[in-house]
There are 2 protein chains.
Amino acid sequence: MFSKACEYGIRAMIYIGQQSADFGRRVGLKDIAAEIDSPEAFTAKVLQGLVRQQLVTSVKGPTGGFELTPEQLRTVTLKQIVVAIDGPDILQGCALGLPQCSAKQPCPMHFQFLPIRDQLNELLRTHTIGELAGKVHDGLAFLKR
Amino acid sequence: MFSKACEYGIRAMIYIGQQSADFGRRVGLKDIAAEIDSPEAFTAKVLQGLVRQQLVTSVKGPTGGFELTPEQLRTVTLKQIVVAIDGPDILQGCALGLPQCSAKQPCPMHFQFLPIRDQLNELLRTHTIGELAGKVHDGLAFLKR
DNA sequence: CAAATACCGGACAAAAATGTCCGGTAATAA
DNA sequence: TTATTACCGGACATTTTTGTCCGGTATTTG
């Protein structure tokens, strides 16, 4: 479904979000990688990209690390993260890989897939990092194991 | 969503099915690759795997090629093809890549993703190659461009 | 200011996916 | 029987994804 990079990116963002929301605390790479069970250097690369797109904030030096501002917690959605890392293909590409697939020139699965993809779009569009972080805070969801 | 191998495999199967159903005609690799716009040698590899799993039938020599028996047309589903090529992960794996993700130990997206994945499962499980080939035959769907 | 910390960025490495080539084998047709 | 056809299988090549390493830079603390 999603690439490894995207899985790590989402998990990292939720963890950072949870720490920012609960304790107003920045978290370092080592901490993140340990908490979401991901390779540290690779996760760093993914987060660097998200920083460039301003979906998460980073601070260098001692006491530095990654954090989500209250606005980022409230406004950054799963969709933004997925598109930033994997591109828009999963949200709009043809299931059978046809370069041109539309209602006028559909692949054999087009009309069956459409509602499913629409729901996926809706799911990613309507869930913010802050909301998902809340579930982790409440012990209702987990980021590893 | 699906790998390239899987996209080619599904498209090839539908094309073979359409030719088998409409004309009782075997189709060769060159023909298939041209009709579904895929790399010939790579498509061969994918089909070889499907032959081994007996989802499609092949015959060597002159007048040889690939065909789908009436029974294969009626019984082979998209799900069988997808699982044969990409494995079962997309139908059961966690969206965030957690090795253990369940209702008891859910990832933050678990309960939102479940209905979408269930629908995908249902879609793949209930559509046969024969049915999809029929759409191509009727000019209601296409396999390239 | 100096030292330590932690992200940044680019180069590099390994693994997986994608794609190609070619000799071998089975089947058909003349 | 012999030549031809077309799939089979393995080796090989390329590209993409995944993952690592290390020096550079910005920031904080003493």
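Residues numbered from 1 in each chain as written. Chains lettered and ligands numbered in written order. Predicted model: local features only at pLDDT ≥ 70, side-chain atom pairs only at ≥ 80, totals over all residues. Heavy atoms only, no water.

## Comments concerning the interface of chain A and chain B
Piece 1. Of the residues lining the interface, 36 residues belong to chain A; the matching set on chain B comes to 36 residues.
Piece 2. The interface formed by chain A and chain B contains 9 residue pairs in polar contact (both at pLDDT 80 or more).
Piece 3. Those elements that provide at least two residues to the side of chain A that touches chain B are helix H1 (4–23), helix H7 (110–126) and helix H8 (129–137) of chain A.
Piece 4. At 7 residues, H7 of chain A tops the list of elements feeding residues into the side of chain A that touches chain B.
Piece 5. Residue composition of the side of chain A that touches chain B, grouped by class: 24 nonpolar, 6 polar and 6 charged. (Contact = heavy atoms within 4.5 Å. Polar contact = N/O pair within 3.5 Å; in protein donor to acceptor, adjacent residues only side chain to side chain. Helix = DSSP H or I, 4+ residues; strand = E, 2+ residues; numbered from the N terminus. Nonpolar A, V, L, I, M, F, W, Y, C, P; charged D, E, K, R; others polar.)

## A closer look at the relation of the copies chain A and chain B
Piece 1. Structural alignment of chain A on chain B gives an RMSD of 0.0 Å, achieved by rotating through 180 degrees and translating 0.0 Å along the axis. On this basis, the relationship between the two copies can be described by a two-fold rotation axis. Minimal C-alpha distance to the rotation axis in chain A is attained by Met1 of chain A, lying at 2.6 Å.
Piece 2. The share of interface residues of chain A whose copies in chain B are also at the interface is 100%, consistent with both copies meeting through the same surface. (Least-squares fit on C-alpha atoms with pLDDT ≥ 70 in both.)

## Observations regarding the packing of H1 of chain A against H8 of chain A
Residues and elements named next belong to chain A.
Piece 1. For the pair H1 and H8, the least separation of the axes is 8 Å and the interaxial angle reads 75 degrees. Taken together, the axes of H1 and H8 are roughly perpendicular relative to one another. Of the residues in H8, those in contact with Met13, Ile14, Gly17, Gln18 and Asp22 of H1 are Ile129, Leu132, Ala133, Val136 and His137. (Axes fitted to C-alpha atoms, helices over the stretch in contact; angles between N-to-C directions. Parallel < 35°, antiparallel > 145°, perpendicular 65-115°, else oblique.)

## A closer look at the nonpolar core
Piece 1. Residues Ile10, Met13 and Ile32 of chain A together with Ile10, Met13 and Ile32 of chain B are the most contacted members of the largest nonpolar core, which totals 79 residues.
Piece 2. The residues touching Ile10 of chain A, leaving out its near neighbours within four places in the chain, are Leu78, Ile81 and Val82 of chain A together with Leu96 and Met109 of chain B. (Core = buried A, V, L, I, M, F, W, Y, C linked by side-chain atoms within 4.5 Å. Buried < 20%, exposed > 50% of the residue type's maximum accessible area, 1.4 Å probe, protein only.)

## Points about the protein's contact with DNA strand D
Piece 1. In the neighbourhood of DNA strand D, 26 residues make up the surrounding shell, with Tyr8 and Pro62 of chain A together with Lys45, Arg52 and Ser58 of chain B lying closest.
Piece 2. Taken together, the sugar and phosphate atoms account for 61% of what DNA strand D places within 4 Å of the protein.
Piece 3. Looking at the surface near DNA strand D, the elements with two or more residues in it are H1 and helix H3 (40–52) of chain A together with helix H3 (40–52), strand S1 (57–59) and strand S2 (65–67) of chain B.
Piece 4. Per-element tally for the surface near DNA strand D: the top contributor is H3 of chain B, with 4 residues.
Piece 5. Considered class by class, the residues forming the surface near DNA strand D number 12 nonpolar, 8 polar and 6 charged. (Near = heavy atom within 4 Å.)

## Section: the protein's contact with DNA strand C
Piece 1. Within the structure, DNA strand C sits among 26 residues, and Gly28, Lys45, Arg52 and Ser58 of chain A together with Lys4 of chain B are positioned closest to it.
Piece 2. Each atom of DNA strand C within 4 Å of the protein was classed as base or backbone; sugar and phosphate made up 61%.
Piece 3. Separating a base oxygen of DNA strand C from a backbone N or O atom of Pro62 of chain A is a distance of 3.5 Å.
Piece 4. For the surface near DNA strand C, the secondary-structure elements that each account for two or more residues are H3, strand S1 (57–59) and strand S2 (65–67) of chain A together with helix H1 (4–23) and H3 of chain B.
Piece 5. Sort the elements by how many residues they give to the surface near DNA strand C and H3 of chain A lands first, with 4 residues.
Piece 6. Broken down by class, the residue content of the surface near DNA strand C amounts to 12 nonpolar, 8 polar and 6 charged.

## What to know about unusual backbone geometry
Excluding glycine, most residues fall at negative phi; most peptide bonds, likewise, are trans.
Piece 1. Even without being a glycine, Thr63 of chain A presents a positive backbone phi close to 65 degrees.
Piece 2. Notably, Gln54 of chain B is not glycine yet its phi reads approximately 60 degrees, a positive angle.
Piece 3. On the secondary structure map, Gln54 of chain B appears in the loop between H3 and S1.
Piece 4. Take Gln54 of chain B: its relative accessible area is 62%, and that puts it in the exposed class.

## Observations concerning the packing of aromatic side chains
Piece 1. Evaluated as defined, the whole model comprises 4 aromatic pairs over all chains.
Piece 2. Ring geometry for Phe2 of chain A against Phe113 of chain B: centres 6.2 Å apart, planes inclined by 80 degrees, an arrangement best described as edge-to-face. Here the residue Phe2 of chain A occupies a position in the segment before H1, and Phe113 of chain B occupies one in helix H7 (residues 110–126), the pair thus bridging two chains. With respect to burial, Phe2 of chain A and Phe113 of chain B carry one shared label: buried.
Piece 3. Measuring from centroid to centroid gives 5.8 Å for Tyr8 of chain A and Phe42 of chain A, while their planes differ by 85 degrees, and the two rings are edge-to-face. Here Phe42 of chain A lies in helix H3 and Tyr8 of chain A lies in helix H1, a separation of 34 residues in the sequence.
Piece 4. Accessibility expressed as a relative area gives 13% for Tyr8 of chain A, which makes it buried.
Piece 5. Residue Phe42 of chain A is classed as partly exposed on the basis of its relative accessible area, which comes to 39%.
Piece 6. Its end group placed over the ring of Phe23 of chain A, Arg25 of chain A keeps NZ or CZ at 4.4 Å from the ring centre. (Phe/Tyr/Trp six-rings, centres within 6.5 Å; stacked < 30°, edge-to-face > 60°. Lys NZ or Arg CZ within 6 Å of the ring centre and 35° of its normal.)

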